Amino acid sequence: MTDVRSRTTLRIAIGAVCAALLTLPAPAAAQSGLADDHPATRAALEAFQAKAGPGAAVHAGDGDDIWTLSAGTGTFGADRPIQQDEHFRAGSQTKTFVAAVILQLADAGDVDLDAPIEDYLPGLVTGNGYDGTHITVRHLLQHTSGAAAFTPHSLINAPAPNADGTYDPAALVRMGLQLPPVAAPGEDFTYSNTNYLILGMLIERVTGTPVHTAVMDRIVEPLGLTRTAFPAPGDRVLPTPAVSGYHGIRFGGLYVWVPALSYDPSLFSGAGAMTSTLEDLTAFNRALFAGDVLSPAGLEEMRTVRVVNDSGSGYGLGVMRLELSCGAAWGHTGGVPGYHTATLVTEDGRHASVVTNALFQVNVPEAELRTLLDSALCEDQPQHS
C-alpha cells in the first residue's frame, strides 16, 4: 500500500502516540539462520533493520534450499529474533490474493475485466468527477482508475465505525472518492487503496459471500496456507506465535518504539486486511506464479504490467514487477500499522520474503529494502547490464 504514484511501499500517517513511551538507542543486531552462508544478504539485512524496526527477517531460497536470517528482535526489550513461522499483518500483500480471486471469477466467466464497475456495483463509483460507467474492473486492479491515493487510518482518516467497531466498506469507498480524480480512467497509474476496497465489494456481489470468506475458500485453504488468514470484521487478534508490531519515530540514532495501535481488519478489507507468515507468503507466491492458482490466460492477464518508473518496474493486476540486478521478480509489498513487508519470486523459482516490525511515516527505508531483496534473490546469479 502506498500513497505516492510510483512507490512500492505503504506510507501511513501515524496518529496520536501512547502516553507511555520507551526511548532507547536502536537495538544491536542479533543473527539467526545460516548467516555465514549468505554474508552479503546478512549485511543488507542488518542495514535494513538498522533503519526499519526493532527487528527484521528475510526468508529466501532457490527450490528446496531455503534459509532464514533475522536481525534484532520481534519483541522490543527481549531477545526474540523473528522466525519464518511467526504471524504478522501482511498489509497490501492482501491485494494479490484479492486479484487472484477476481481473475478466477474472470476465468469462470463471472466477471468481465473490461466491463465497467457500474455493471456490478451500480451507483457506488459516481460523483465528484468519478463515473463508474467508464472505470473498468481492469482499471481498478491495475490502479489506473484515476482514483486518488487514499489510505485509511483509524484515528485520522476513516468514516465513523459501526457500533461494534467494524467499518462499512461502502463508507470507506465514499471517503476515498471524496478526493477528486487524479487522471481519466486508463490514463495514468496512481496507487490507491480505494480501488481494492471496491474490488472487495465486487467479490462479495458476484460470489454472494464476504470477501474474507471468498479469499479463504478459493485461495488460502486449497493451498494449505494454515498460518494465513483474512480475518472477519471484528477479529482483531493476531494469532500466536506473533511478531510484535510498533510505530517508530527516529531522532538521529535514537528510536521511540510505540506498540502499534489495534484496528479492525475491516478498516483495510480487500486492500490490506490479511495476516500471514514469511513461509506462507512465500508458498502462496510460488504457487501463484507456478500456475497453480490461475489458468494460463489468467496468469498472463495478471502479469501484463503498466510500467511505472524508468527502471522498467511496473504493476500488473494485483502484482508488482520489480527489476533487480539479476532480472525481474514478481510479488507485492505491504504496510499497515506495525509492519512493513515484501515477497518476491523469480521466473526460475528463487524467492524472498521480508518483514520488519515497524512502519515509519517518513524516512521509509525503501532503498535498504530493495537492496536486501536484490541480495537475497540475486546472490550467485548473473548480473544484468
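Analysis parameters
- Residues numbered from 1 in each chain as written.
- Predicted model: local features only at pLDDT ≥ 70, side-chain atom pairs only at ≥ 80, totals over all residues.
- Heavy atoms only, no water.
- Helix = DSSP H or I, 4+ residues; strand = E, 2+ residues; numbered from the N terminus.
- Salt bridge = Lys/Arg side-chain N within 4 Å of Asp/Glu carboxyl O.
- Buried < 20%, exposed > 50% of the residue type's maximum accessible area, 1.4 Å probe, protein only.
- Core = buried A, V, L, I, M, F, W, Y, C linked by side-chain atoms within 4.5 Å.
- Contact = heavy atoms within 4.5 Å.
- Phe/Tyr/Trp six-rings, centres within 6.5 Å; stacked < 30°, edge-to-face > 60°.
- Expected span 1.5 Å × (residues − 1).
- Pairing = 2+ DSSP bridges.
- Axes fitted to C-alpha atoms, helices over the stretch in contact; angles between N-to-C directions.
- Parallel < 35°, antiparallel > 145°, perpendicular 65-115°, else oblique.
- Left-handed = near helix turned anticlockwise from the far one by under 90°.
- Nonpolar A, V, L, I, M, F, W, Y, C, P; charged D, E, K, R; others polar.
- Disulfide = S-S within 2.5 Å.

> Account for the environment of Met-274, with residues named and values stated.
Relative to the assigned elements, Met-274 resides in the loop between β8 (254-259) and β9 (275-276). Considering only alpha carbons, one finds Met-274 and Ala-232, 42 residues apart in sequence, at a separation of 9.7 Å.

> A description of the pattern of salt bridges should follow, citing residues and the corresponding values.
Counted under the stated rule, the structure contains 9 salt bridges. Asp-264 is the salt-bridge partner of Arg-236, the closest N and O atoms lying 3.2 Å from each other. Of this pair, Arg-236 sits in the loop between α6 (211-220) and β7 (246-251) while Asp-264 sits in the loop between β8 and β9, and the two are 28 residues apart along the sequence. Using a relative accessible area of 29% as the deciding quantity, one classes Arg-236 as partly exposed.

> Describe in detail the nonpolar core, supporting the description with residues and values.
A general feature of soluble globular proteins is that nonpolar side chains tend to end up buried together. In terms of nonpolar packing, the biggest core is built from 79 residues, with Phe-97, Ile-102, Val-137, Leu-141, Leu-199, Val-215 and Met-302 touching the most fellow members. The greatest single-element share of this core, amounting to 8 residues, is contributed by helix α2 (residues 94-107). Leave out the neighbours within four places in its chain, and Leu-141 touches Ala-99, Ile-102, Leu-113, Tyr-196, Leu-199, Tyr-315, Gly-316, Leu-317 and Gly-318. Judged by nonpolar contacts, the second largest core, of 24 residues, contains Ala-44, Trp-67, Leu-344 and Ala-352.

> Explain the packing of aromatic side chains residue by residue, including any values.
This model, assessed by the stated rule, comprises 8 aromatic pairs. Between Phe-76 and Tyr-246, the aromatic rings sit 6.5 Å apart at their centres with planes inclined by 75 degrees, giving edge-to-face as the arrangement. Residue Phe-76 is located in the loop between β3 (65-72) and β4 (88-89), and its partner Tyr-246 is located in strand β7; the two are separated by 170 residues in the primary sequence. You can call Phe-76 buried: its relative accessible area is 16%.

> Provide a residue-level description of helix α9 (residues 366-378), including the pertinent values.
Its 13 residues place the ends of α9 18 Å apart at the C-alpha level, agreeing with the 18 Å of an ideal helix rising 1.5 Å per residue. The buried fraction of α9 is high, at 10 of 13 residues. The complete set of buried residues in α9 reads Glu-366, Glu-368, Leu-369, Leu-372, Leu-373, Asp-374, Ser-375, Ala-376, Leu-377 and Cys-378. In the segment just after α9, Asp-380 is the residue with positive phi, at about 65 degrees.

> Give a description of helix α7 (residues 278-289) that names residues and reports values.
Compared with the 16 Å implied by 1.5 Å per residue over 12 residues, the 17 Å span of α7 between its first and last C-alpha is a close match. Downstream of α7 by a residue or two, Gly-291 has a phi angle that is positive, lying close to 90 degrees.

> Let's hear about the pairing of strand β2 (residues 55-62): which residues, and what values?
A large share of β2 lies buried, amounting to 7 of its 8 residues. Relative to β3, β2 runs antiparallel, the two sharing 8 bridges. The residue of β3 that forms the bridge with Gly-61 is Ile-66.

> Tell me about the packing of helix α4 (residues 169-176) against helix α5 (residues 193-207), residues and numbers included.
Viewed as axis vectors pointing N to C, α4 and α5 meet at an angle of 150 degrees, and their least axial separation amounts to 9 Å. The orientation of α4 relative to α5 falls into the category roughly antiparallel. In this structure, α4 crosses over α5, and the sense of that crossing is left-handed. The segment α4 lies against α5, with Pro-169, Ala-170, Leu-172, Val-173 and Gly-176 engaging Thr-194, Leu-197, Ile-198 and Met-201. For the contact of α4 with α5, the residue count by class is 7 nonpolar, 2 polar and no charged.

> Tell me about unusual backbone geometry, and please be specific about residues and values.
The residue after Thr-240, namely Pro-241, is reached through a cis peptide bond having omega -5 degrees. With respect to the helices and strands, the residue Pro-241 is situated in the loop between α6 and β7. Its identity as a non-glycine residue notwithstanding, His-143 has a phi of 60 degrees, on the positive side. If you trace the backbone, His-143 turns up in the loop between α3 (137-141) and α4. Positive phi, normally seen in glycine, also occurs at Ser-269, with a value near 45 degrees. With respect to the helices and strands, the residue Ser-269 is situated in the loop between β8 and β9. The exposure class of Ser-269 is buried, given its relative accessible area of 13%.

> Can you break down the state of the cysteines residue by residue, with the values?
Scanning the model with the defined rule gives 1 disulfide in all. Two residues, Cys-326 and Cys-378, share a disulfide whose sulfurs are 2.0 Å apart. Judged by the torsion about the S-S bond (-70 degrees), the Cys-326/Cys-378 disulfide is left-handed. Of this pair, Cys-326 sits in the loop between β12 (320-324) and β13 (327-336) while Cys-378 sits in helix α9, and the two are 52 residues apart along the sequence. Taken as a pair, Cys-326 and Cys-378 share a single burial class, namely buried.

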